[in-house]
Amino acid sequence: MPDYDVIVIGAGNGGLTASASLAKRGAKVLLLERHNLPGGCATSFIRGRFEFEVALHQLSGLGTPEQPGPLRGLLGQLAVLDKIEFTEEDTLYRTMVPGEFEVTLKADRTEIIAALKEKFPDEADAIDKFFDLVWEFCMQMVSIFFMRDPEASREKYPIYCKYAIKSSKEVLDDYFKSPFLKLAIASYWGYVGLPPSRLTFMDMAMLLWAYTEFKPFHIKGGSQALSNAILDTFIKAGGYPRFNCGAKKIIISDGKVKGVITETGEEITCDYVVSNASTISTYMEMLDEKYVPDDKLKMLGSRSVGPSGFTIYCGLDCEPQDLGIDVSTQFISLNTDIERQFASWRTFDRPEMCGMSCYDVADPDFSPAGACQVAVINLQFADHWLTIPPSQYADVKYRYAQALLDIVEKVYPGFGDALEEVDVSSPITHLRYLGHPGGGFYGFEKFAKDSNLFIPPTSGIDGLYFAGAWAGMAGFQPTLESGVSAAKAIYRKMNK
Ligand SMILES: Cc1cc2nc3c(=O)[nH]c(=O)nc-3n(C[C@H](O)[C@H](O)[C@H](O)COP(=O)(O)OP(=O)(O)OC[C@H]3O[C@@H](n4cnc5c(N)ncnc54)[C@H](O)[C@@H]3O)c2cc1C
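These figures come from a predicted structure and were not determined experimentally.

### With respect to the overall build of the chain
Along the chain, the regular secondary structure elements total 18 helices and 18 strands. A compact globule built from 496 residues should have a C-alpha radius of gyration of about 23 Å, and the chain, at 22 Å, falls within 12% of that. Summarising its shape, the C-alpha atoms of the chain cover approximately 70 × 60 × 45 Å along the three principal directions. Split into buried and exposed, the 496 residues of the chain put 49% on the buried side.

Structure follows, in structure tokens:
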């Protein structure tokens, strides 16, 4: 008898939902996490009187009790829905180019269209047509992938087949003239980490549609509260979590998973492993080379690591309204050239855009009374950060942070003076805490050819499964769902 049915490596979103789902179904599960707390990206940390949210800017897919999204059902099944409270944001975002343009898009299709038409009356017709296309496209996609229409065909779903892997840029250029309008509609590009020229229409449309239909949410207590709640379900279902305990090797025998060796050299046997670590470290470090299937090596060689990020966690000694902050999520760009903004993620050049989330707008109790919390973020790849000598790291980090704060100051004068606590994370920070190559928290870059449409979900090794951003889509909703999918696949196999 093995020590456990399943060992899950990593307690990020995917690892947590895989563990909890399997334990609830009666499997004997060990969860190994290298860090000292659950969540991976979905964590928080404390500085002064603030508990800073590490990652979550907007939770997608939850929906309201009246119009539930897929995540509401999933969290209900994991018995975590009653343990946490969510706060709905009524606005998708405000996009602005300081001094030139700004528009605020509510989380409502009619209001989005009205706001855009007011700013761009000459393009009113195109705006209507574009949103018809986005909604029709998403309805077709839902029928194919979520309702699993057995008769899906090119003839039945022509809009989906025509547009799915077109670049967003191509579609935006077909429909619109104003670069400000294109910027406003494509503002979620940073959530995938690809500029419109490389972002599939499928991803851009899904983000707009899903956040509008199911609304963006924050979590009371931050994403750490969600991670803790899933862990609680796991423990109550009889699961065994171990923190400060990394996995070093996956043991294979006769072509099958047989166990895991921890970083302290302990050998623990099992029939199945779910890895929430990156596929790169799972195949290249945890498995002996002879067991890695050739097609997986080719796959790893053909893909590129996605971006990490640079975040300034700001604790302010004032309420949001004292600075005029009245929208939770904002994108500030110094120009409309998204391609250039994307290119700057590989350099220390002065940043030309940032995202900004103020958690206290939707949830005034998020921070202590009289204070609020803002995360200012710009994505960054890790390569140039890895070239900095340790002696210069702090200096480079704080100069880059100041350049981002200068952007915020253009829109909210006095922001810098209101700072009470500040901490900064760079790609190096994410690399250290997550252990992922390049500190990537979106996994691989999500070009069309690398999307889930073309990458087989199986590991090629009997008993090995993946959950998380490196084996599918990134973001809270997809990674939470990926763990449940891995658990279902294992459960089916266990009960064959
Ligand atoms: C700053 C930031 C902002 C973000 N904003 C949003 C947002 O607004 N909306 C959204 O949907 N998504 C957002 N994301 C992305 C989202 O947080 C991630 O895509 C998602 O949380 C990744 O989950 P995961 O399951 O892949 O696991 P991860 O969070 O990557 O965690 C993996 C876990 O595995 C552990 N691990 C790795 N190797 C080992 C090993 N050998 N042994 C044991 N443990 C190991 C790590 O310690 C870690 O805990 C953001 C992320 C960040 C960092």
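### Remarks on the nonpolar core
Among the nonpolar cores identified, the biggest contains 149 residues, and Val6, Ile7, Val273 and Val376 are the most heavily contacted of them. Looking at which element gives the most residues to this core, the answer is helix H9 (residues 201–214), with 10 residues. Those residues in contact with valine 6, other than ones at most four positions away along the chain, are Leu22, Ala27, Val29, Cys270, Tyr272, Val274 and Ile490.

### Focus: the sheet that holds strand S13 (residues 308–316)
Ordered in space as S7-S6-S14-S15-S16-S13-S17, the seven strands form an open sheet in which the pairing is mixed. What marks the edges here is a single partner per strand, and that holds for strand S7 (101–106) and strand S17 (419–425). Looking at each pair of strands side by side, their axes are set apart by 15 degrees on average, direction ignored. Here S13 pairs with strand S16 (residues 372–380) via nine bridges, running antiparallel. Along S16, the bridge assignment pairs glycine 309 with leucine 379. Strands in contact with helix H17 (residues 427–434) are S13, S16 and S17; relative to S13, the strand with the most contacts, it is inclined by about 100 degrees.

### Section: the domain arrangement of the chain
Interface extent is often summarised as the accessible area lost during association of the parts. Taken domain by domain, the chain holds domain 1 (4–85 + 221–304 + 444–494), domain 2 (104–214) and domain 3 (307–434). Across the boundary between the two partners, domain 1 contributes 11 residues, which contact 16 residues of domain 3. Here the side of domain 1 that touches domain 3 gets three residues from one element, more than from any other, and that element is strand S4 (residues 50–53).

### So, the site of the ligand
Around the ligand there are 38 residues in total, and Gly10, Gly12, Gly40, His57 and Gly468 lie nearest to it. Broken down by secondary-structure element, the contributors of at least two residues to the shell around the ligand are helix H1 (13–24), S13, H17 and helix H18 (476–494). The element contributing the most residues to the shell around the ligand is H1, with three residues. The class makeup of the residues in the shell around the ligand is 16 nonpolar, 20 polar and two charged. Residue assignment places the shell around the ligand across two domains, with domain 1 (4–85 + 221–304 + 444–494) and domain 3 (307–434) each supplying three or more.

Quick notes on the rules
Within any chain, residue numbers begin from 1 and follow the written order of that chain's sequence. Two thresholds apply to this predicted model, a pLDDT of at least 70 for residue-level local features and 80 or more for giving and counting side-chain atom pairs, whereas whole-chain, interface and lining totals are computed over all residues. Secondary structure elements are defined from DSSP: runs of H or I of at least 4 residues count as helices, runs of E of at least 2 residues count as strands, and each element is numbered from the N terminus. Values of the radius of gyration come from C-alpha atoms, whereas the globule rule sets the reference at 2.2 Å times the count of residues to the power 0.38. Counting other C-beta atoms within 10 Å of each residue's C-beta, where C-beta atoms are placed from the backbone, gives the exposure class: buried for 20 or more, exposed for 12 or fewer, partly exposed between. By definition, a nonpolar core groups buried Ala, Val, Leu, Ile, Met, Phe, Trp, Tyr and Cys residues that connect through C-beta atoms lying within 7 Å of each other. For the purpose of contact definition, each residue receives a C-beta atom placed from its backbone, and two residues are in contact when these atoms lie within 7 Å. Two strands pair if DSSP finds at least two bridges between them. The convention used is that axes are lines fitted to C-alpha atoms, helices contributing only their stretch in contact, and that angles between N-to-C directions extend from 0 to 180 degrees. What counts as a domain boundary in this text is fixed by an automatic or database domain assignment. Any residue whose C-beta atom, as placed from the backbone, lies within 6 Å of a molecule or strand is termed near it. Ten residue types, Ala, Val, Leu, Ile, Met, Phe, Trp, Tyr, Cys and Pro, are classed as nonpolar, four, Asp, Glu, Lys and Arg, as charged, and the remainder, Gly among them, as polar.

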